[in-house]
Amino acid sequence: MVSRQSQKSTNSARSRLFPYRPPNDYKERNRARSGDPLAKSGKQIKTLPIYVLNGPTLNLLGTREPEIYGRTTLPEIRNLVAERADHHGFKIVFRQSNHEGDLIDWIQEARVKGCGVILNGAAYTHTSIAIYDALKALAKPIIEVHLSNPHAREPFRHRSFVSKAATGVIVGLGAQGYLSAVDAMAALVKGKP
Ligand code: CA2
């Protein structure tokens with residue numbers, strides 16, 4: 001028989017050892033949001049947004065090389081992603097930068113403020129150990145997305161440091177890949193992939 005006191009100290013020892021327990025956190029937030037009676041408290045728990053991060057030159061989408069990257073512009077992808085996320089009950093933070101450090105700062109921001117990261121790291125995918133390290137420190141679901149299929153392209157695109165840290169990878173589906181990534185992220189966060 002375990003006394004309430006010793007159960008309490010076991011729990012606090014456990015939470016010191018494992019301060020972050022993603023699946024239960026996600027489930028609880030989600031229950032509270034949907035008004036699920038299993039939610040532990042009557043309090044509204046705010047669901048964190050999905051971070052959708054885009055690397056260098058993706059700001060030029062739709063203007064050049066449509067045969068590789070399609071005709072959809074990044075602002076159009078942003079709107080489609082926001083709509084799809086909303087369908088699943090999520091907000092998004094959607095950003096693009098040509099600078100590696102910005103992407104790293106935003107991945108670190110998502111550790112606290114996001115529920116997961118969808119990342120098209122563009123060329124940094126194939127070069128950046130710094131982004132890999134930032135992703136490894138995230139401890140939240142990560143979906144890697146590419147509009148094209150890098151494996152069917154030049155050999156230097158075959159290596160991805162992002163894939164080594166990613167929960168899942170979606171390539172070669174154009175803008176649709178971002179929407180599939182939102183579907184997958186919603187399922188992961190809700191704990192029913
Ligand atoms: O297919 C993808 O989504 C990529 O991440 C795109 C990157 C490329 O370096 C990766 O290997 C695969 C390049 C993004 C450049 O975007 C452009 C947009 C318009 C015109 C030219 C490039």
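Structural notes, computed from the coordinates. Predicted, not measured: the structure shown is a model, and the values here were computed from it.

Conventions used here
- Residues numbered from 1 in each chain as written.
- Predicted model: local features only at pLDDT ≥ 70, side-chain atom pairs only at ≥ 80, totals over all residues.
- Heavy atoms only, no water.
- Helix = DSSP H or I, 4+ residues; strand = E, 2+ residues; numbered from the N terminus.
- Expected span 1.5 Å × (residues − 1).
- Buried < 20%, exposed > 50% of the residue type's maximum accessible area, 1.4 Å probe, protein only.
- Arc of directions from axis to C-beta.
- Contact = heavy atoms within 4.5 Å.
- Near = heavy atom within 4 Å.
- Polar contact = N/O pair within 3.5 Å; in protein donor to acceptor, adjacent residues only side chain to side chain.
- Areas by Shrake-Rupley, 256 points an atom, 1.4 Å probe, with all protein chains shown as cover.
- Axes fitted to C-alpha atoms, helices over the stretch in contact; angles between N-to-C directions.
- Parallel < 35°, antiparallel > 145°, perpendicular 65-115°, else oblique.
- Left-handed = near helix turned anticlockwise from the far one by under 90°.
- Nonpolar A, V, L, I, M, F, W, Y, C, P; charged D, E, K, R; others polar.
- Core = buried A, V, L, I, M, F, W, Y, C linked by side-chain atoms within 4.5 Å.

## A word on helix 4 (residues 74-87)
Thought 1: Its 14 residues place the ends of helix 4 20 Å apart at the C-alpha level, agreeing with the 20 Å of an ideal helix rising 1.5 Å per residue.
Thought 2: Within helix 4, the full set of buried residues consists of L74, I77, V81 and A85. The buried residues of helix 4 all sit within an arc of 65° when viewed along its axis, so they share a single face. Of the exposed residues in helix 4, the ones pointing more than 90 degrees away from its buried face are P75, E83, D86 and H87.
Thought 3: Buried-residue contacts for helix 4 involve strand 1 (50-54), strand 2 (92-96) and helix 7 (176-190).
Thought 4: Positive backbone phi, approximately 85°, marks G89, located one or two places after helix 4.

## Details of the site of the ligand
Thought 1: Around the ligand sit 16 residues in total, of which N120, H126, H146, L147 and S148 are the nearest.
Thought 2: In the model, an oxygen atom of the ligand is placed 3.4 Å from a nitrogen or oxygen of the A123 main chain.
Thought 3: A distance of 2.8 Å separates an oxygen atom of the ligand from a polar side-chain atom of H146.
Thought 4: Burial of the ligand by the protein amounts to 95% of the accessible area it has alone, namely 510 Å².

## A look at the environment of A130
Thought 1: Note that A130 resides in helix 6 (residues 129-136).
Thought 2: Once the C-alpha coordinates of A130 and F161 are considered, the two residues, 31 residues apart in sequence, prove to be 9.4 Å apart.
Thought 3: Non-local contacts of A130, meaning those with residues more than four positions away in its chain, are made with E100 and I104.

## As for the packing of helix 4 against helix 7
Thought 1: Relative to each other, helix 4 and helix 7 sit at 25°, their axes nearing to 9 Å. Taken together, the axes of helix 4 and helix 7 lie roughly parallel to each other. Here helix 4 runs over helix 7; the crossing is right-handed. Along its contact with helix 4, which presents I77, L80, V81, R84 and A85, the element helix 7 presents Q176, Y178, L179, V182 and D183.
Thought 2: Looking at the contact of helix 4 with helix 7, its residues break down into seven nonpolar, one polar and two charged.

## Description of the nonpolar core
Thought 1: Core analysis: the biggest nonpolar cluster contains 27 residues, and I50, V52, I77, V81, I118 and Y178 have the highest contact counts within it.
Thought 2: Elements represented by at least two residues in this core include exactly strand 1, helix 4, strand 2, strand 4 (142-146) and helix 7.
Thought 3: It is helix 7 that contributes the most residues to this core, seven residues altogether.
Thought 4: For V52, the residues in contact, after removing those within four places along its chain, are V81, I92, V93, F94, R95, I118 and Y178.
Thought 5: Counting 19 residues, the second largest nonpolar core, distinct from the first, contains L119, Y124, L135 and A166.

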